[in-house]
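Chain by chain, the residues run as shown.
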Amino acid sequence: MFPIEELVVGMAQSQLLKSANKTLIFEAKNMKIAIIGKGHVGSALGSGLSKAGHDTKFGHRDPKEPVADAAKWGEVIILAVPYENAGDAREAIKPYVDGKVVIDVMNAVGENAELAISCATSTAEETQKKLPKAKVVKAFNTVFASNQSTGKVDGEQLTAFIAGNDLKAKQTVAHLTRDIGFDPVDCGPLKAARYLEAMGILIINLAYTYRMGNKMGYKLLKA
Ligand SMILES: NC(=O)c1ccc[n+]([C@@H]2O[C@H](COP(=O)([O-])OP(=O)(O)OC[C@H]3O[C@@H](n4cnc5c(N)ncnc54)[C@H](OP(=O)(O)O)[C@@H]3O)[C@@H](O)[C@H]2O)c1
């Protein structure tokens with residue numbers, strides 16, 4: 001069990017935004033993390049979280065690793081499937097997510113690496129709508145899978161941008177990102193996923209359309 005009961009909760013959103021980055025971190029160890037999707041992202045996050053001492057279990061369409069088994073088992077569920085498959089994956093985990101943290105890692109990448117979703121919403125908000133009793137948090141989508149197991153590029157720490165409506169859920173995710181090696185930053189309510197997903201599309205374009213390669217990532221500089 002992780003001691004989230006000890007955390008400050010129930011803050012108004014404005015207070016949360018003001019203080020979130022001071023209250024984001026708390027101690028929690030050995031969480032059970034279900035990872036839905038075992039591709040580039042799922043594998044990288046699984047590796048980083050295992051190295052940090054967490055227990056992980058994968059769920060995907062391989063009958064040897066059923067999604068339902070992983071989702072039922074996990075305290076935290078990471079949704080790391082392609083956007084086109086999000087509907088099926090959300091349906092498959094729906095019976096098991098009530099009260100749990102669901103981390104939405106997805107980017108809606110369309111043709112020519114354009115944003116395939118309206119800027120008036122985000123994959124994370126769509127996930128929250130489909131899973132109303134889950135505590136959905138957006139995280140990791142601005143980081144290339146190749147950098148997700150360490151949170152670093154060439155030894156330099158990357159920022160893990162986090163958005164969500166539930167402070168405790170964001171604290172949990174901040175804790176996990178920090179365990180991997182990232183510097184977590186609270187970006188506010190889940191609505192901010194719209195901006196994080198646009199950042200995801202931007203960095204994909206920098207890497208592949210403009211050929212800068214994926215050995216790079218976002219770092220927020222703070223005085
Ligand atoms: N690659 C990156 O650098 C990166 C970075 C940040 C965010 N993202 C986002 O993260 C997500 C995953 O990207 P990826 O690169 O890891 O993709 P990927 O390598 O293609 O892996 C996708 C995984 O999802 C599984 N999957 C597909 N449909 C599923 C379903 N209905 N239920 C359960 N599992 C399903 C696939 O396994 P089976 O076929 O065996 O089911 C596969 O393991 C995408 O939304 C992407 O935009 C990617």
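The sections below set out a description of the structure shown in this document. (Residues numbered from 1 in each chain as written. Predicted model: local features only at pLDDT ≥ 70, side-chain atom pairs only at ≥ 80, totals over all residues.)

Details of the overall build of the protein chain
Thinking step 1. Broken down by element type, the protein chain carries eight helices and nine strands.
Thinking step 2. Contacts in the protein chain between residues far apart in sequence, at least 24 positions, make up 72% of those at least 6 positions apart. (Helix = DSSP H or I, 4+ residues; strand = E, 2+ residues; numbered from the N terminus. Contact = placed C-beta atoms within 7 Å.)

Observations concerning the site of the ligand
Thinking step 1. Contacts to the ligand come from 27 residues, most closely from Gly 37, Gly 39, Arg 61, Asn 85 and Met 106.
Thinking step 2. Of the residues belonging to the shell around the ligand, the class tally is 15 nonpolar, eight polar and four charged. (Near = placed C-beta within 6 Å. Nonpolar A, V, L, I, M, F, W, Y, C, P; charged D, E, K, R; others polar.)

A word on helix H8 (residues 193–209)
Helical geometry note: an α-helix holds 3.6 residues per turn, so side chains three or four residues apart project in the same direction.
Thinking step 1. The end-to-end C-alpha separation of H8 is 23 Å, in line with the 24 Å expected for 17 residues at 1.5 Å each.
Thinking step 2. Listed in full, the buried residues belonging to H8 are Ala 193, Arg 194, Leu 196, Glu 197, Gly 200 and Ile 201.
Thinking step 3. Buried residues along H8 sit in contact with helix H5 (123–130), strand S5 (135–138) and strand S8 (159–164).
Thinking step 4. Looking one or two residues beyond H8, the residue adopting positive phi is Arg 211, at roughly 55 degrees. (Expected span 1.5 Å × (residues − 1). Buried ≥ 20, exposed ≤ 12 C-beta atoms within 10 Å, placed from the backbone.)

Brief notes about the pairing of strand S4 (residues 101–104)
Thinking step 1. Burial along S4 is two-sided: Val 101 and Ile 103 and Val 102 and Asp 104, pointing in opposite directions, are all buried.
Thinking step 2. The pairing of strand S3 (residues 76–79) with S4 spans four bridges and is parallel. Within the sheet, the bridge partner assigned to Ile 78 lies in S4 and is Ile 103.
Thinking step 3. Taken together, S3, helix H4 (residues 86–93) and S4 constitute a β-α-β crossover, and its handedness is right-handed. (Pairing = 2+ DSSP bridges. Right-handed = clockwise from strand over helix to strand, strands pointing away.)

A few points about the sheet that holds strand S2 (residues 55–59)
Thinking step 1. Here seven strands make up an open sheet; going across it, the order is S2-S1-S3-S4-S5-S8-S9 and the pairing mixed. Each having just a single partner strand, S2 and strand S9 (183–186) make up the two edges of the open sheet. Going across the sheet, the axis of each strand differs from the next one's by a mean of 25 degrees, ignoring polarity.
Thinking step 2. Looking at chain direction, S8 and S9 are connected through four bridges and run parallel. When the bridges of S9 are listed, Ala 160 appears paired with Pro 184.
Thinking step 3. Running at roughly 165 degrees to S8, helix H7 (residues 167–180) makes contact with S3, S4, S5, S8 and S9 of the sheet. (Axes fitted to C-alpha atoms, helices over the stretch in contact; angles between N-to-C directions.)

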